[in-house]
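An overview of the molecular structure
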Amino acid sequence: MSASALKRIWPILIVPEVREWVIERIERGSVQRIEVGVNSPVRNLSRRGPPIPDDGLAVNIVASGVTLRPVDELPSVRDADLKAHVTGRTATVTIGQGVADTPSGRKLNISDFVFEVPDMAPKPSPARIKFRIEGPVPAAAEVLASDRLSEFSGTLIDPNSSKGTVAAVVTLGLPIKRALTKADTTYAITADLGGFAADRLVMNQKLEADKLKVVANNQGYQVKGEVKINGQTAALDYRKPNDGDADIKLQATLDDTSRARLGFDLGPAVSGAIPIKLIGKIGAPDRDSRMGIEADLTLVEARQYPAGLG
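First, a word on what this report is: a plain description of the structure on this page. Residue numbers run consecutively from 1 along every chain, following the written order of its sequence. Under the rules for a predicted model, residues below a pLDDT of 70 receive no local features and side-chain atom pairs below 80 are neither given nor counted, while totals for whole chains, interfaces and linings still include all residues. Here the side-chain values reflect all heavy atoms present in the structure, with hydrogen atoms and water set aside.

Examining the overall build of the chain
Here a strand is any run of E in DSSP of at least two residues, a helix any run of H or I of at least four, and the numbering for each starts at the N terminus. Along the backbone of the chain there are seven helices and 14 strands. We call a residue buried when its accessible area falls under 20% of the maximum for its residue type, exposed when it is over 50%, and partly exposed in between, using a 1.4 Å probe and counting protein chains only. Taken over 310 residues, the chain has a buried fraction of 43%. Whether two residues are in contact is decided by their heavy atoms, any of which lying within 4.5 Å being enough. Considering only contacts in the chain between residues 6 or more positions apart, those separated by 24 or more positions represent 49%. Areas reported here follow the Shrake-Rupley algorithm with a probe of radius 1.4 Å; residue values treat only the protein chains shown as occluding. With an accessible surface of roughly 16200 Å², the chain has 52% of that area assigned to carbon and sulfur atoms.

Below you can see the structure in the form of structure tokens.
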């Protein structure tokens, strides 16, 4: 049957919370099989009744070509193969693969999607969502900039000034209720980027990398890998909390032009390529930055003071 037919015939007493989730979240699809087994007093099926024992209910659904909206204000997932398993206390929805379209028409491939309610007895019930996304960086950046995640991630990556590919695992934690607040939602993202470039990601400079690791959660984000910052090759470890200054660790060999471009002035007496290690904090635009720079001047000194003249 169609998903719309399933919505019409699902008895209102059978796991009403899951029934509401299906009605509200699944937009279309084709149901191959549905099995419902009840072994519980009718009074337990009511929202106000005693909790249903875990073995008092079993619901299994297999569907294909499904379009669903797992989380408010995030893109819908289409062309999904869906399986759902519900017991008296738990609910699990899995999707092998599907496609998500962003508002601007960019596409992300979704796989290994799991929506899980580990215990439906507490009200509101806690839920976990985990999935893998693959696709172009601008599409993933657009999802991060959505209303659901932007209050946590800010403008981590600008969709309109970035490029590359991304493979990421996203985990969300949220209660099953109609109105969600910032305090209700937790998230964690671990992403591997390839052929990446973005403006103003680190130190307000353009950043490029063949491979890059990005980890983000409610507390902030970390960027780590071998990169080019405004054209300068460097090893970078950059951590930005949502509140407070960013921590940066940078190792690079900088010539005169590179130092000037990145704002590191070592004075007119120093010239040439210099290996440096930079550790410090980068403040917001209205706060000062604090940097500690360790520079290896051995080669510079050798050029300036040859043997017999020093």
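So much for the structure itself; the text now carries on.
What to know about the pattern of salt bridges
One speaks of a salt bridge when a side-chain nitrogen belonging to Lys or Arg is within 4 Å of a carboxyl oxygen belonging to Asp or Glu. Under the counting rule described, the total for this entry stands at eleven salt bridges. Close ionic contact of Asp79 with Arg78 constitutes a salt bridge, the shortest N to O distance being 2.6 Å. Under the relative-accessibility criterion, Arg78 is labelled partly exposed at 23%. For Glu134, the salt bridge identified is with Arg132, shortest N-O distance 3.4 Å. Given a relative accessible area of 28%, Arg132 falls into the partly exposed group. Members of the salt-bridge network, linked through shared partners, are Arg78, Asp79, Asp101 and Lys107.

Section: the pairing of strand β11 (residues 232-241)
Looking along a regular strand, one sees the side chains alternate between the two faces of the sheet. As paired strands, strand β10 (residues 220-229) and β11 are joined by ten bridges and run antiparallel to one another. Each residue of the ladder has a partner; that of Val223, found in β11, is Tyr238. Should DSSP find at least two bridges between two strands, the strands are taken to pair. Taking the residues between adjacent antiparallel strands as the criterion, β10 and β11 are bridged by two residues, where Asn230 takes a positive phi near 55°. As paired elements, β11 and strand β12 (residues 246-254) share six bridges and run antiparallel to each other.

Structural notes on the nonpolar core
Counting 78 residues, the largest nonpolar core has Leu68, Leu212 and Leu236 as its most contacted members. Among residues more than four places away in sequence, those in contact with Leu68 are Trp21, Arg25, Ile26, Glu27, Ser76, Val77, Ala80, Leu82 and Ile95. Remark: nonpolar core denotes a set of buried residues (Ala, Val, Leu, Ile, Met, Phe, Trp, Tyr, Cys) joined through side-chain atoms within 4.5 Å.

Comments concerning helix α4 (residues 137-144)
Across the eight residues of α4, eight count as buried, placing the element largely inside the fold. Among the residues of α4, Val137, Pro138, Ala139, Ala140, Ala141, Glu142, Val143 and Leu144 are the ones counted as buried.

Thoughts on empty space enclosed by the protein
Throughout, the protein atoms alone are placed on a 1 Å grid, and a set of points is a cavity if a 1.4 Å probe fits but cannot get out or a pocket if it is open with protein on both sides within 12 Å along at least five of seven lines; lining residues have an atom within 4 Å of a point. Grid points are joined across faces, edges and corners, and a volume is the space filled by probe spheres set on the points. Taken as a whole, this structure holds one cavity of 30 Å³ or more when the rule is applied. Its boundaries defined by the atoms lining it, the largest cavity holds a volume of some 370 Å³. In this structure, the largest cavity is lined by 28 residues; those nearest its centre are Leu108, Phe131, Ile133, Val143 and Val170. Those elements that provide at least two residues to the lining of the largest cavity are β5 (107-117), β6 (126-136), α4, β7 (162-175), β8 (186-202) and β9 (205-217). Examining the composition of the lining of the largest cavity, we find that five residues originate from one element, α4, more than from any other. The residue inventory of the lining of the largest cavity, partitioned by class, reads 28 nonpolar, no polar and no charged. Under the scheme applied, nonpolar residues are Ala, Val, Leu, Ile, Met, Phe, Trp, Tyr, Cys and Pro; charged residues are Asp, Glu, Lys and Arg; polar residues are all the others, including Gly.

So, the environment of Ala168
Tracing the backbone through its elements, the reader meets Ala168 in strand β7. Distance from Ala168 to Val214, taken between C-alpha atoms, is 9.1 Å for residues 46 residues apart in sequence. Excluding anything up to four places from it in sequence, Ala168 contacts Phe131, Arg132, Ile133, Ile189, Thr190 and Ala191.

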